[in-house]
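# Survey of secondary and tertiary structure
The primary structure of each chain is shown beneath.
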Amino acid sequence: MKATTSQDLLRRLPKVDDALGFPSAATALALLPRDYVVSIVRTSIDTVRDRILSRSTEDAPACDFDPAAQVESEMDLQIARAMRPSLRSVINATGIIVHTNLGRSPLAEEAVAAVDAVARGYSTLEYDVHAHRRGSRHNHVEQLICVLTGAEAAMVVNNNAAAVLMVLSEFAKGGQAVVSRGELIEIGGSFRIPDIMALSGAEMVEVGTTNKTHLADYERAIGERTALLLKVHPSNYQLVGFSENVRAADLVALGHPRDIPVYEDQGSGTLFHLDIDGAREEPTVSDSLKQGCDLVSFSGDKLLGGPQAGIVVGSEGYIDRLKKNPLARAMRIDKLSLAALESTLRICLDRARAFSEIPTLRMLKATAAELEAPAKRLTDTIRTALDEHGLSKMATVCTLQEASKTGGGSLPLCDLPTWCAAVALETGDVDDLEAHLASRTEPPVIARISHDQVLFDVRTILDEKDFATIAHGIVVYLEELKAHE
Ligand SMILES: *Cc1c(COP(=O)(O)O)cnc(C)c1O
């Protein structure tokens with residue numbers, strides 16, 4: 001039975017030429033290249049064909065399934081998608097501050113203005129106006145970074161993964177780099193220390209065990225070909241219990257008499273002691289330098305709260321070698337990121353300003369007491385919207401105390417006490433509501449689910465104007481649900 005039914009449905013699928021006559025295609029043809037619209041039409045037909053082929057016999061009877069209407073609504077969806085920017089802003093209601101999938105750190109206003117100014121015209125990117133000749137893009141931030149970290153010299157590249165690759169390539173290519181087994185981390189997005197090591201041409205020498213590595217383990221591994229001692233800050237996880245690793249200072253004491261440089265990949269790399277309740281104190285970049293590390297690298301968009309960038313600090317001789325490495329050209333930072341970075345670093349010159357103006361730092365320091373009132377306002381906004389649309393019986397909205405995460409491979413195990421608006425549904429499915437808010441609300445709202453409730457964590461909602469968008473998204477979802485009942 002099913003076979004004939006599917007055959008019948010497949011026969012009723014519109015042809016490409018017919019589908020091009022549908023109203024949404026006509027609108028799209030006026031605005032997009034014809035080939036592009038044709039490919040959208042094809043994809044839409046294919047999607048519906050797949051849907052027909054994967055139908056099971058328990059599905060609604062075939063007479064309810066109109067292939068042409070299905071293609072038309074699929075086309076509407078795909079064309080709407082093609083007409084608006086794919087990369088656009090979202091409302092982050094997850095409570096995860098440095099959310100890699102959502103673009104990590106929002107920039108400070110002043111940094112945004114700096115990007116805007118440089119983006120609109122020509123700039124001093126590689127031009128020294130005082131000397132009246134070619135300059136270097138490193139010069140804009142090197143001194144600032146040195147002042148903020150106590151380093152002798154600094155350079156900046158595209159991101160910290162690039163910095164790690166460049167350091168390994170410059171100092172350990174063809175030789176050996178010694179690293180603890182407890183620090184062979186994966187950051188996510190396919191960044192794994194062993195893979196980067198292989199790519200750099202350095203031979204990795206693993207020492208110790210997963211939970212414990214002693215100084216003697218490093219000592220035994222050192223030989224003729226040892227080129228670098230590598231320490232990786234395991235930013236996205238934490239060994240607890242029976243564990244031990246070697247301090248940078250001890251690696252320095254081991255390496256320096258043998259002329260072996262010590263490099264620490266700090267990952268999140270904070271400039272300030274964060275003093276967050278319940279969080280292990282992260283070493284600052286200057287702490288690692290004070291311990292004697294020759295080189296330290298860290299990200300621009302994690303705990304620094306700036307743009308995507310990789311910052312390497314260390315002694316002048318080593319940084320000079322990095323600046324001359326051919327990879328430096330391939331991995332150089334672009335002017336927009338550089339503008340944002342310089343501005344963020346300038347703000348950091350004043351600690352109090354940094355914690356009030358840099359969104360990542362401000363969100364990290366927001367206390368539960370400060371977040372309770374906004375969470376109640378969000379709850380009220382949602383409740384009022386549901387009331388106004390006669391939907392109050394379909395959902396329960398309350399304010400509850402919860403925990404936010406730092407995210408982005410920083411401060412593992414650190415739960416920041418926070419407040420959320422929570423929505424539980426009388427009918428319907430919270431996963432559906434969460435998906436609806438992400439895919440059908442504009443801007444998309446990214447929430448999280450806990451105990452059969454959709455949670456909106458106010459810690460990471462940057463503007464209270466977004467409360468209305470969230471409430472509206474929930475209203476639209478419930479109205480559609482009601483219409484189908
Ligand atoms: C995040 C991280 C990286 C990668 O940094 P990106 O700036 O994302 O390229 C490298 N090492 C560690 C330890 C990290 O936490």
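The notes below deal with the structure included here. Here the structure is a predicted model, which means the values were calculated and not measured. (Residues numbered from 1 in each chain as written. Predicted model: local features only at pLDDT ≥ 70, side-chain atom pairs only at ≥ 80, totals over all residues. Heavy atoms only, no water.)

### Describing the overall build of the chain
A tally of regular secondary structure across the chain gives 20 helices and 17 strands. Dimensions of the chain, computed from C-alpha atoms along their principal axes, come out at roughly 80 × 55 × 50 Å. Burial analysis of the chain (485 residues in total) assigns 49% to the buried set. At a minimum sequence separation of 6, the contacts of the chain that also span at least 24 residues come to 75%. Just so you have it, the chain exposes about 23,100 Å², and 51% of that area is on carbon and sulfur atoms. Of the charged side chains in the chain, 50 are positive and 68 negative, and the gap between their average positions amounts to 4 Å. (Helix = DSSP H or I, 4+ residues; strand = E, 2+ residues; numbered from the N terminus. Buried < 20%, exposed > 50% of the residue type's maximum accessible area, 1.4 Å probe, protein only. Contact = heavy atoms within 4.5 Å. Areas by Shrake-Rupley, 256 points an atom, 1.4 Å probe, with all protein chains shown as cover. Lys, Arg positive; Asp, Glu negative; His and termini not counted. Charge placed at Lys NZ, Arg CZ, Asp CG, Glu CD.)

### Details of the packing of helix α8 (residues 160-172) against helix α13 (residues 316-324)
Two elements in contact, α8 and α13, have axes whose closest approach is 10 Å; the angle formed by their N-to-C orientations is 105°. By the angle between their directions, the pair α8 and α13 is classed as roughly perpendicular. Residues M166, V167, E170 and F171 of α8 lie in contact with α13, whose contacting residues are Y318, R321 and L322. Broken down by class, the residue content of the contact of α8 with α13 amounts to 5 nonpolar, no polar and 2 charged. (Axes fitted to C-alpha atoms, helices over the stretch in contact; angles between N-to-C directions. Parallel < 35°, antiparallel > 145°, perpendicular 65-115°, else oblique. Nonpolar A, V, L, I, M, F, W, Y, C, P; charged D, E, K, R; others polar.)

### Re the packing of aromatic side chains
Taken as a whole, this structure holds 2 aromatic pairs when the rule is applied. Both rings, one in F171 and one in Y318, keep their centres 5.2 Å apart while their planes meet at 75°; by these two values the pair is edge-to-face. Placement of F171 in helix α8 and of Y318 in helix α13 is noted, with a sequence separation of 147 residues between them. Y318 sits in the partly exposed class, given a relative accessible area of 21%. Its guanidinium or amino end placed over the ring of F355, K365 lies 5.6 Å from that ring's centre, counting from NZ or CZ. (Phe/Tyr/Trp six-rings, centres within 6.5 Å; stacked < 30°, edge-to-face > 60°. Lys NZ or Arg CZ within 6 Å of the ring centre and 35° of its normal.)

### Section: a negative patch on the surface
Among the surface-exposed residues, D429, D431, D432 and D452 lie close enough to one another that they form a single negatively charged patch. Secondary-structure assignment places D431 in helix α19 (residues 430-440). (Patch = residues over 30% accessible without salt bridge, like charges linked within 9 Å, V, L, I, M, F, W, Y side chains within 5 Å. Salt bridge = Lys/Arg side-chain N within 4 Å of Asp/Glu carboxyl O.)

### Quick look at the sheet that holds strand β9 (residues 226-232)
Strand pairing in a sheet takes place through backbone hydrogen bonds and is either antiparallel or parallel in direction. The 7 strands are arranged β4-β12-β11-β10-β9-β5-β8 in an open sheet whose pairing can be described as mixed. Whereas interior strands pair on both sides, the edge strands pair on one side only; in this sheet they are β4 (153-157) and β8 (203-207). Averaged over all pairs of adjacent strands, the angle between strand axes in this sheet comes to 25°, irrespective of strand direction. Here β9 pairs with strand β10 (residues 262-267) via 4 bridges, running parallel. (Pairing = 2+ DSSP bridges.)

### Re the sheet that holds strand β13 (residues 395-405)
An order of β13-β14-β17-β16 is seen for the 4 strands of this open sheet, with the pairing classed as antiparallel. Each end of this open sheet is capped by a strand with a single partner; those strands are β13 and β16 (448-450). Each neighbouring strand pair of the sheet contributes to a mean axis angle of 40°, computed without reference to strand direction. In this sheet, strand β17 (residues 453-457) lies alongside β16 in antiparallel orientation, the contact comprising 3 bridges. Across the sheet, residue S450 finds its bridge partner in β17, namely Q453. Contacts from helix α18 (residues 368-388) reach β13, β14 (415-425) and β17 within the one sheet, and its direction differs from that of β14 by about 10°. Docked against the sheet, α19 engages β14, β16 and β17, running at close to 40° with respect to β17.

### Section: the environment of A221
Mapped onto the elements of the fold, A221 is located in helix α10 (residues 215-221). Residues A221 and E206 lie 15 residues apart in sequence; the distance between their C-alpha atoms is 8.3 Å.

### Focus on the nonpolar core
Grouped together as the largest cluster of nonpolar side chains are 56 residues, with contacts concentrated most on L271, V313, L341 and L345. The greatest single-element share of this core, amounting to 6 residues, is contributed by helix α15 (residues 335-348). Not counting chain neighbours up to four residues away, the residues in contact with L345 comprise V141, L144, I145, L148, L271 and L304. Among the nonpolar cores identified, the runner-up in size contains 34 residues, and V423, L437, F456 and I470 belong to it. (Core = buried A, V, L, I, M, F, W, Y, C linked by side-chain atoms within 4.5 Å.)

### Regarding unusual backbone geometry
For the peptide bond that leads from E442 to P443, omega is -5°, which places it in the cis range. Notably, D259 is not glycine yet its phi reads approximately 60°, a positive angle. One can find D259 in the loop between α11 (248-255) and β10. The backbone phi angle of H451 is positive, close to 45°, even though this residue is not glycine.

### What to know about helix α7 (residues 139-149)
Each α-helix winds once per 3.6 residues, and so residues spaced three or four apart point in a common direction. Residues of α7 that are buried: V141, E142, L144, I145, C146, L148 and T149. Residues of α7 that are buried make contact with β4, α12 (285-290), β12 (310-314), α13 and α15. Two residues or fewer after α7 comes G150, characterised by a positive phi angle close to 80°.

### Some details on the packing of helix α6 (residues 109-120) against α15
When two helices pack together, their arrangement is given by the angle between their axes and by how far apart the axes lie. Orientation of α6 relative to α15, taken along the N-to-C sense of each, is 145°, at an axis distance of 8 Å. For the element pair α6 and α15, the recorded crossing hand is right-handed. Note on element contacts: α15 touches α6 through K335, L336, A339, A340, S343, T344 and I347, opposite E110, A111, A114, V115, V118 and A119. Among the residues making up the contact of α6 with α15, the classes are represented as 9 nonpolar, 2 polar and 2 charged. (Left-handed = near helix turned anticlockwise from the far one by under 90°.)

### A word on the environment of T344
What makes T344 buried here is its relative accessible area of 0%. Put simply, T344 and G300 are 44 residues apart on the chain and 9.4 Å apart in space, counted from C-alpha to C-alpha.

### Topic: the environment of A177
Within the secondary structure layout, A177 lies in strand β5 (residues 176-180). As a C-alpha pair, A177 and A202 span 25 residues in sequence and 6.5 Å in three-dimensional space. Those residues in contact with A177, other than ones at most four positions away along the chain, are L168, A172, M197, E203, M204, V205 and L228.

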